[in-house]
Structures are given as structure tokens and as C-alpha cells.
Amino acid sequence: MSDPLQQQIKNLARQYAPEMIEVRHHLHANPELSYKEFKTSTYIQQQLTALNIPFEIKAGTGVIGLIKGKNPDKRIVALRGDMDALPITEENDVPYKSTVPGIMHACGHDVHTTCLLGAAKILIALKDEWEGTVKLIFQPGEEKNPGGASLLIKEGVLQNPAPQSIFALHVHPGLEVGKLSFRGGMVMASADEIYITVRAKGGHAAAPQNTADTILIASHLIVSLQQIISRNNDPFNPSVLSITSFQGGFTTNVIPSEVKLMGTFRAMDEVWRFKAHELIIKMATELVHSMGAEIDIKIDVGYPFVLNNIALSAAARKKGEDYLGINNVEETELRMGAEDFAYYSHQLPGCFFRLGVGNKAKGISIGVHTPTFNIDEDAIEIGMGMMALLGATGAE
């Protein structure tokens, strides 16, 4: 990459930023849930058509665009932006507030889509200035199992042409606008959902001897399951098991016949992950049976852990330092949250990095997945420019 190309990208990012902020406003005001992003998909298709970028549809609502620069076979780089929203009622008082009751872009996927559209606009304008091919992946269903990434991969998104690397950004309200963060290796955890039902015949609360106490059994189970982590896992191997829902009983004098538990299991090691599944099922089954009740248990296997290619992430970080200055690039912290970018990262070298969108001086620091999440929109210029730079150079 030459310095002139970087400057050209910066200039176009600045020029296009006001237009792209309006794109973000449109997307934010019209959110759609996972796998139902029909209007969003149509809007993206219209944007790509206006730019003369060819595309195809995969996984129902996914839009896959292709931009060819000079010498298109030199490198093939994929850029991914997710586009689904969350079942949250927005509480922000902004002109572009969600117009859909109970649905909000509370995780910044409107920003991710906007940055990818902005990068596409830059890359097509400069297609005679860079070498290679860029595959644009506008992805559905990041927020819900089985993950839109897994569906797109099954439908061949990583083939014809096959990218050699893939990049994605994610908003970070804890990182000030004007900054980026990168991390090589493990970045985010796998995420599996646990569903348990404890059953017995039920009975009068004053005569517990006549039944198995499902409330007591479920309580013992919740406590005992923590031993899976504390006594079977290497303490230096990050892992979390949380039971997050306890549903049973409806009055003071009845031992219910059924108690339902739900929870999540997180890990950053695939061998330990599936060993833990076996231990959870074994412990839960044996404990419940030993206390005289029956059990149904299901572990819904979700996303693997996000694995950033170390060399690619180091190269991308260097690009970020060149683009924004070394003082504006930080190390991304390890997180036990999950991201279906993980599916791509286990198939080819990937780099999942963070875009600073916070601004404490303006009171913009609320976390994602909340009703008042918002961003400093100056971040859009940076995000689209950085994505365009990585697309044009492959971080080489």
C-alpha cells in the first residue's frame, strides 16, 4: 500500500461521512430481528445497485457483493458487517429513534452495516488504485443461534471466490471515538445455551415426604454445577457457567411438579468446551436422579470462540496505527461475550477489531444491549475508512 492510497481513502471517508450518517439513521429507525431483515436487505441491495456493485443473496436475507480492483486475482479479502437488531424497546430521544415497537439496533449492527456500505463506496471509487478483489458480506442473524455466519458458510460464502482473509469491526462504547483496538489469538468466548427441566409428581408443601421437592433439587443443582468450573477446569483457561432463569411454583403451599432452569456456558477452548458439556449432563442427571426426580437436559451448541489470526491482527493493528496514529490504537480486552464471526475465524485467517464509539464528554458511554445505547457518529468516518483500507490492502 502506498501513502497516497491511504490519504485518498481518508479523504473519501471524510467526504462520504455525512451521507453515511444518514444511512445509519435510516437503518437505526427501521430495525429488524434476526433472520427477518427483509427491508434491510432490500435497502442494502439498492445501495449496491446504485454503486454498480454486483451481488447475490444467500441465507434468505444475506447480501454478498463483489468489488474488483486492478489485478483482481492478486488477493481476495472479505469484509463482514452484520445487520440484525435486538428485541429491545428504545428509550433514546433522537430524531432517528426506532420506529418499530420493541425492536432496536442496541448492538450497533446499523453502524457495522453503514461502515461496510461506506467502505464499498470508497473501494468502488478507487478501484483503479488498489489490487485484488473484495467480497462484501452483509450478514443476517448474528444475535441468534445458529448464527447467520454458519448459514452463509454452508451456502458457500467462502467460495467462488474464496477469500484469503476476513475482517470485521464491532462498536465499543467503552472505547473513545477516534480509537481502534485489536487483539491476536483468543478474543471472545464460545456460547452454548443450557435448558434443564426437573420433574416429580408434586405435592403439598406441608408433606414434602410424599414427593421429590423439585425446588430444593433444582437449588442443589445450581450450586453443584459451579463445581464443573471450579474443580475440573484449568484456572488459567477462561470459562463461565451461569444459570440465569429459575421457573417453578405458583403459590406458597404447593411443591411444583416441574422446575425449569436456563443458563449459558462460555469457554475459550474447544476441547474443554465439549468435555464440560459431558460433565454438566452427567452431574445434573445423577444428582437429580439421586434425589428422586427426573430430568430433561439439553445443551444447545452455539458459536465457537473467536480466534483472531495473530499475524493478520498484528498487521491490521499496524495499519490502524498508520491510519489514526499509534496513540489511538489499543489492545482489545478478552471478553466472555460471543460473536458468530467465530465461524469465519475457524475457517480462514480473520481479524475482529473494535471501533471506538464512546464520548464521555457528550455522555455517550452506555453499553450495548441496553435501551439507551448510542454512538458518537464521528466513528462512522473512521470505521468505513479503516474497513476500506483493510479491503484494499488485505493488511499487507
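Residues numbered from 1 in each chain as written. Predicted model: local features only at pLDDT ≥ 70, side-chain atom pairs only at ≥ 80, totals over all residues. Heavy atoms only, no water.

Details of the packing of aromatic side chains
So, point 1. This model, assessed by the stated rule, comprises five aromatic pairs.
So, point 2. Put simply, the rings of F341, Y344 and F352 pair up and form one aromatic cluster.
So, point 3. Over the aromatic face of Y323 sits the side chain of K10, whose NZ or CZ is 5.2 Å from the ring centroid.
So, point 4. The aromatic ring of Y16 is capped on one face by K121, whose charged end is 4.8 Å from the ring centroid. (Phe/Tyr/Trp six-rings, centres within 6.5 Å; stacked < 30°, edge-to-face > 60°. Lys NZ or Arg CZ within 6 Å of the ring centre and 35° of its normal.)

Re the environment of D73
So, point 1. Tracing the sequence through the fold places D73 in the loop between β2 (62–68) and β3 (76–82).
So, point 2. Distance in space between the C-alpha atoms of D73 and V271 is 37 Å, their sequence separation being 198 residues. (Helix = DSSP H or I, 4+ residues; strand = E, 2+ residues; numbered from the N terminus.)

What about the sheet that holds strand β12 (residues 258–267)?
So, point 1. In space, the four strands of this open sheet follow the order β10-β12-β8-β13, with antiparallel pairing throughout. Edge positions in the sheet fall to β10 (239–248) and β13 (294–300), since each has one partner strand and no second. Across the sheet, the mean angle from the axis of one strand to that of its neighbour is 15°, orientation sign disregarded.
So, point 2. As paired strands, β10 and β12 are joined by nine bridges and run antiparallel to one another. By the bridge assignment, Q247 is partnered in β12 with K260.
So, point 3. Those strands touched by helix α5 (residues 214–232) are β8 (190–199), β10 and β12, and its axis lies near 175° from that of β10.
So, point 4. Contacts from helix α6 (residues 270–290) reach β8, β10, β12 and β13 within the one sheet, and its direction differs from that of β13 by about 165°. (Pairing = 2+ DSSP bridges. Axes fitted to C-alpha atoms, helices over the stretch in contact; angles between N-to-C directions. Contact = heavy atoms within 4.5 Å.)

Side note on the sheet that holds strand β1 (residues 55–58)
So, point 1. An order of β1-β2-β4-β3-β5-β16-β6-β15 is seen for the eight strands of this open sheet, with the pairing classed as mixed. Both edges of this open sheet fall to β1 and β15 (329–331), since each of them pairs with a single strand only. Each strand of the sheet is rotated relative to its neighbour by a mean of 30°, with strand direction disregarded.
So, point 2. By the bridge criterion, eight bridges tie strand β5 (residues 165–176) to strand β16 (residues 350–358) in an arrangement that is parallel. Note that in β16 the partner of L169 across the bridge is F353.

Some remarks on the side chain of K58
So, point 1. Positionally, K58 belongs in strand β1.
So, point 2. Within the structure, K58 has its side chain in polar contact with the backbone oxygen of E155 (distance 3.0 Å).
So, point 3. Residues within four places of K58 in sequence aside, it is in contact with I64, L152, E155, G156 and V157. (Polar contact = N/O pair within 3.5 Å; in protein donor to acceptor, adjacent residues only side chain to side chain.)

Some remarks on helix α7 (residues 310–324)
It helps to recall that an α-helix has 3.6 residues per turn; residues three or four apart then point in one direction.
So, point 1. Between its first and last C-alpha atoms α7 spans 21 Å; for 15 residues at 1.5 Å apiece the expected length is 21 Å, and the two agree.
So, point 2. When we look at burial in α7, the residues that qualify are L312, S313, A316, K319, G320, E321, Y323 and L324.
So, point 3. Measuring from the side-chain oxygen of the N-cap residue of α7 to the backbone nitrogen of A311 gives 3.2 Å; that N-cap residue is N309.
So, point 4. Just downstream of α7 lies G325, where phi reads positive at about 100°. (Expected span 1.5 Å × (residues − 1). Buried < 20%, exposed > 50% of the residue type's maximum accessible area, 1.4 Å probe, protein only.)

Regarding the packing of helix α1 (residues 3–29) against helix α3 (residues 109–125)
Between two packed helices, the angle of one axis relative to the other and the distance separating the axes together describe the packing.
So, point 1. Running from N to C, α1 and α3 cross one another at 140°; their axes reach a closest spacing of 9 Å. Crossing hand, α1 versus α3: right-handed. Contacts between α1 and α3 involve I9, L12, A13, Y16, E19, M20, V23, R24, L27 and H28 on the former and, on the latter, D110, V111, T113, T114, L117, G118, K121, I122 and A125.
So, point 2. Residues of the contact of α1 with α3, tallied by class, amount to 11 nonpolar, four polar and four charged. (Left-handed = near helix turned anticlockwise from the far one by under 90°. Nonpolar A, V, L, I, M, F, W, Y, C, P; charged D, E, K, R; others polar.)

Comments concerning α3
So, point 1. Its 17 residues give α3 an end-to-end C-alpha distance of 24 Å, which sits within 8% of 24 Å, the value for a rise of 1.5 Å per residue.
So, point 2. The element α3 is largely enclosed, with a buried count of 16 among its 17 residues.

Quick word on the pattern of salt bridges
So, point 1. With the rule as written, the count across this model stands at 23 salt bridges.
So, point 2. One salt bridge in this structure joins R80 and D340, with 2.6 Å as the shortest N-O distance. Taken together, the residues span a long stretch of sequence, with R80 in strand β3 and D340 in the loop between β15 and α8 (341–345) at a distance of 260 residues.
So, point 3. Here R80 falls in the buried class, since its relative accessible area comes to 2%. (Salt bridge = Lys/Arg side-chain N within 4 Å of Asp/Glu carboxyl O.)

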